[in-house]
Amino acid sequence: MPTLNEIRSTFLNYYSKQGHEVVASSPLVPRNDPTLMFVNSGMVQFKNLFTGVETRDYARATSAQKCVRAGGKHNDLDNVGYTARHHTFFEMLGNFSFGDYFKKEAIPYAWELLTKEFDIPKDRLLVTVYHTDDEAAEIWKKVAGFSDDRIIRIPTNDNFWQMGPTGPCGPCTEIHYDSTPDASGGNLVNMDHPDVIEIWNLVFIQFNAEADGSFRDLPSRHVDTGLGFERACSIIQNTKGFTDFSRKPSNYSTDVFRPIFDILERLSGKEYEDVYPEPGTENQDEVVKTAVAFRVIADHLRTLSFSIADGILPGNTGRNYVLRRILRRAVRYGRSLGFTGDEFVLTALVGTLVSQMGDVFPELRGRESIIVDTLKREERSFNETLDRGLTLFEEEAAKLSQGIFPGDAAFKL
Ligand code: GLY
């Protein structure tokens, strides 16, 4: 089974061989971009190349970009824990053309990488195109030999990608992976169904979304793609070389999360099972509740550690407040695993994350002690608040004679 590092390197090496500069991930704080709280995709560090404000000495790039989606246009926070594929922190693998190649090259590159380098069987892949994009549909027919029913035309924003309310954007073609037993999942595309998941988005950047809501034609046409690293790992690591489709791809049952879950199992005395709540069901059994809490804690640990390493500290406003809310969400789920106010579960997991990811992202190693100190301080302070609130609640509840909770106590809480 390929390791995480092999999967990442296969991607970057493939594009390097096609003449792309391998560019390091930018920090999570967008540079010179007040419209975004966090870097939310691979293209953010290249935004000024797309708009023509900046030029560099390369016209093709590839990267594995750290991303956070927890505020603003792309916000996955509330889903995290409850699905197999949502994260607040993830890596996005991407290839970019700055006025160089366009659809005719971008589509065959992606196809070759998926089917030859990653060996994904062709019958497991389906694509969508923006409904008016005949050119992309024709290229798919030629390159993949797809019939019309495997090239689904979508008239909505699902196939028109924007970084944020303003900025570079354009129609896109998305590649979906079908894990139904007989590869018959065409009708499940874009249904948020675990059997058919979007893995890669190829955006054909042609416009700049302006603050007044209009779309300005850009002077050149560009390519911006985003392949979710954890999703790629889930389909490559969960199917035993694409021979066993009985196991559904889950980002949380890959080596991305296993080392963290191992320690969390030891600390909590509970076992992680890769099970998910039935959509629309309120009451979950203990195994599912435990699984949700494991996923929340592990995901949020990554967001917090990478953000703190990039200089974003939990605080009271803007992105700092988003981070504080993420930390508090993780601590609350920690309580549901049985951790007490004297235990700092996030802090206890930092070392594992740093050993796992520190070679690829050395900033984690360099700032480990700042991450530990910050998390410990925040966890301690929130645990105290939680415990004070719980004590107050219990005292007032014990006094209840008429079944009415006193308004002033409710306000304090
Ligand atoms: N920039 C392409 C994506 O995030 O899907």
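Figured I'd write up the structure that's included with this text. (Residues numbered from 1 in each chain as written. Predicted model: local features only at pLDDT ≥ 70, side-chain atom pairs only at ≥ 80, totals over all residues. Heavy atoms only, no water.)

**Looking at the overall build of the chain**
When you go through the chain residue by residue, the secondary structure sums to 12 helices and nine strands. Relative to the 2.2 N^0.38 estimate, which gives 22 Å for 413 residues, the radius of gyration of the chain is 23 Å and therefore close to what a compact globule would have. Seen through its C-alpha atoms, the chain measures out along the principal axes to roughly 75 × 50 × 45 Å. Each of the 413 residues in the chain was classed as buried or not, and the buried ones make up 55%. (Helix = DSSP H or I, 4+ residues; strand = E, 2+ residues; numbered from the N terminus. Rg over C-alpha atoms; globule rule 2.2 N^0.38 Å. Buried < 20%, exposed > 50% of the residue type's maximum accessible area, 1.4 Å probe, protein only.)

**Some thoughts on the pattern of salt bridges**
A full pass over the atoms with the stated rule returns 22 salt bridges. Put simply, D310 and K66 hold a salt bridge, and the shortest N to O gap is 3.0 Å. Here D310 is found in the loop between α7 (286-309) and α8 (318-336), whereas its partner K66 is found in strand β2 (residues 60-68), with 244 residues between them in sequence. Residues D310 and K66 agree in their burial class; the two are buried. Of the charged contacts, one joins R153 and D134 as a salt bridge, the two residues approaching to 2.8 Å between their closest N and O atoms. Placement of R153 in strand β5 (residues 151-154) and of D134 in helix α4 (residues 134-144) is noted, with a sequence separation of 19 residues between them. A single network of salt bridges, built from pairs that share partners, joins K66, D310 and E363. (Salt bridge = Lys/Arg side-chain N within 4 Å of Asp/Glu carboxyl O.)

**Brief notes about the site of the ligand**
Near the ligand the following residues occur: S41, M43, R69, M92, W161, N201, V203 and D224. At 3.2 Å from an oxygen atom of the ligand is found a side-chain nitrogen or oxygen belonging to R69. D224 places a side-chain nitrogen or oxygen 2.9 Å from a nitrogen atom of the ligand. Taken by itself the ligand offers 200 Å² of open surface, and the protein chains cover 95% of this. Tallied by class, the residues present in the shell around the ligand amount to four nonpolar, two polar and two charged. (Near = heavy atom within 4 Å. Polar contact = N/O pair within 3.5 Å; in protein donor to acceptor, adjacent residues only side chain to side chain. Areas by Shrake-Rupley, 256 points an atom, 1.4 Å probe, with all protein chains shown as cover. Nonpolar A, V, L, I, M, F, W, Y, C, P; charged D, E, K, R; others polar.)

**Overview of the packing of α8 against helix α11 (residues 368-399)**
Two elements in contact, α8 and α11, have axes separated by 10 Å at closest approach and are oriented at 60°. Of the possible angle classes, the one that applies to α8 and α11 is oblique. Regarding α8 and α11, the two cross each other, and that crossing is right-handed. When α8 is examined against α11, the residues R324, L327, R328, V331, R332 and R335 are found in contact with a partner set consisting of L375, E378, E379, F382, N383, L386, D387 and L390. Broken down by class, the residue content of the contact of α8 with α11 amounts to six nonpolar, one polar and seven charged. (Axes fitted to C-alpha atoms, helices over the stretch in contact; angles between N-to-C directions. Parallel < 35°, antiparallel > 145°, perpendicular 65-115°, else oblique. Left-handed = near helix turned anticlockwise from the far one by under 90°. Contact = heavy atoms within 4.5 Å.)

**Some thoughts on the pairing of β5**
Examined bridge by bridge, strand β4 (residues 125-130) and β5 share four bridges and lie parallel to one another. Opposite V127, over in β5, you have I151 as the bridge partner. After leaving β4, the chain enters α4 and then returns to the sheet as β5, a path that is right-handed. (Pairing = 2+ DSSP bridges. Right-handed = clockwise from strand over helix to strand, strands pointing away.)

**A closer look at the packing of aromatic side chains**
Enumeration over the complete set of coordinates arrives at 25 aromatic pairs. Where F261 meets Y272, the ring centres are 4.2 Å apart and the plane angle is 35°; that geometry is what we call tilted. Highlighted residues: F261 in helix α6 (residues 258-268) and Y272 in the loop between α6 and α7, separated in sequence by 11 residues. Take F261 and Y272: they sit in the same class, and that class is buried. Through pairs of rings, three or more aromatic residues link up here, namely F11, Y14, Y15, Y101, Y109 and W200. R150 extends its terminal NZ or CZ atom over the ring of F146, reaching a point 5.4 Å from the ring centre. The ring of Y252 has R295 sitting right over it, with the charged end atom 5.9 Å from the ring centre. (Phe/Tyr/Trp six-rings, centres within 6.5 Å; stacked < 30°, edge-to-face > 60°. Lys NZ or Arg CZ within 6 Å of the ring centre and 35° of its normal.)

**Topic: helix α5 (residues 229-237)**
Where burial is concerned, most of α5 is hidden: nine out of the nine residues are buried. By the burial criterion, the buried members of α5 are F229, E230, R231, A232, C233, S234, I235, I236 and Q237. Contacts made by the buried residues of α5 are with α1 (4-17), β3 (89-97), β7 (167-178), β8 (196-209), β9 (215-228) and α7.

**A few points about the nonpolar core**
Core analysis: the biggest nonpolar cluster contains 95 residues, and L125, W140, I175, Y177, I199, W200 and L346 have the highest contact counts within it. Here this core takes 13 residues from α7, the largest share from any one element. Each residue touching I199, except ones within four places of it in the same chain, is listed here: L114, L125, I175, H176, Y177, G226, L227, G228, R231 and I235. With 18 residues, the next largest nonpolar core counts V23, L49, Y58 and V203 among its residues. (Core = buried A, V, L, I, M, F, W, Y, C linked by side-chain atoms within 4.5 Å.)

**Notes on the pairing of β3**
Burial runs high along β3: nine of the nine residues are buried. Neither face of β3 is left uncovered, since the one carrying F89, E91, L93, N95 and S97 and the one carrying F90, M92, G94 and F96 both have all their residues buried. The pairing of β2 with β3 spans nine bridges and is antiparallel. The residue of β3 that forms the bridge with T62 is N95. Pairing geometry for β3 and β9, over four bridges, is antiparallel. Paired with L93 across the bridge in β9 is L227.

**Details of the environment of V350**
For V350, the position within the fold is in helix α9 (residues 345-357). V350 sits in the buried class, given a relative accessible area of 1%. Sequence separation between V350 and L375 is 25 residues, and the spatial gap between their C-alpha atoms is 9.1 Å. Those residues in contact with V350 that lie beyond four places of it in its chain are L301, S305, E368, I371, V372 and L375.

**Re the packing of α9 against α11**
When two helices pack together, their arrangement is captured by the angle between the axes and the distance separating the axes. Two numbers describe how α9 lies on α11: the axes approach to 8 Å, and their chain directions differ by 160°. Relative to α11, α9 is oriented roughly antiparallel. In the crossing of α9 with α11, the sense of the turn from one axis to the other is right-handed. Within the contact between the two elements, α9 uses V345, L346, T347, V350, G351 and V354 and α11 uses E368, I371, V372, L375, K376 and E379. Of the residues belonging to the contact of α9 with α11, the class tally is seven nonpolar, two polar and three charged.

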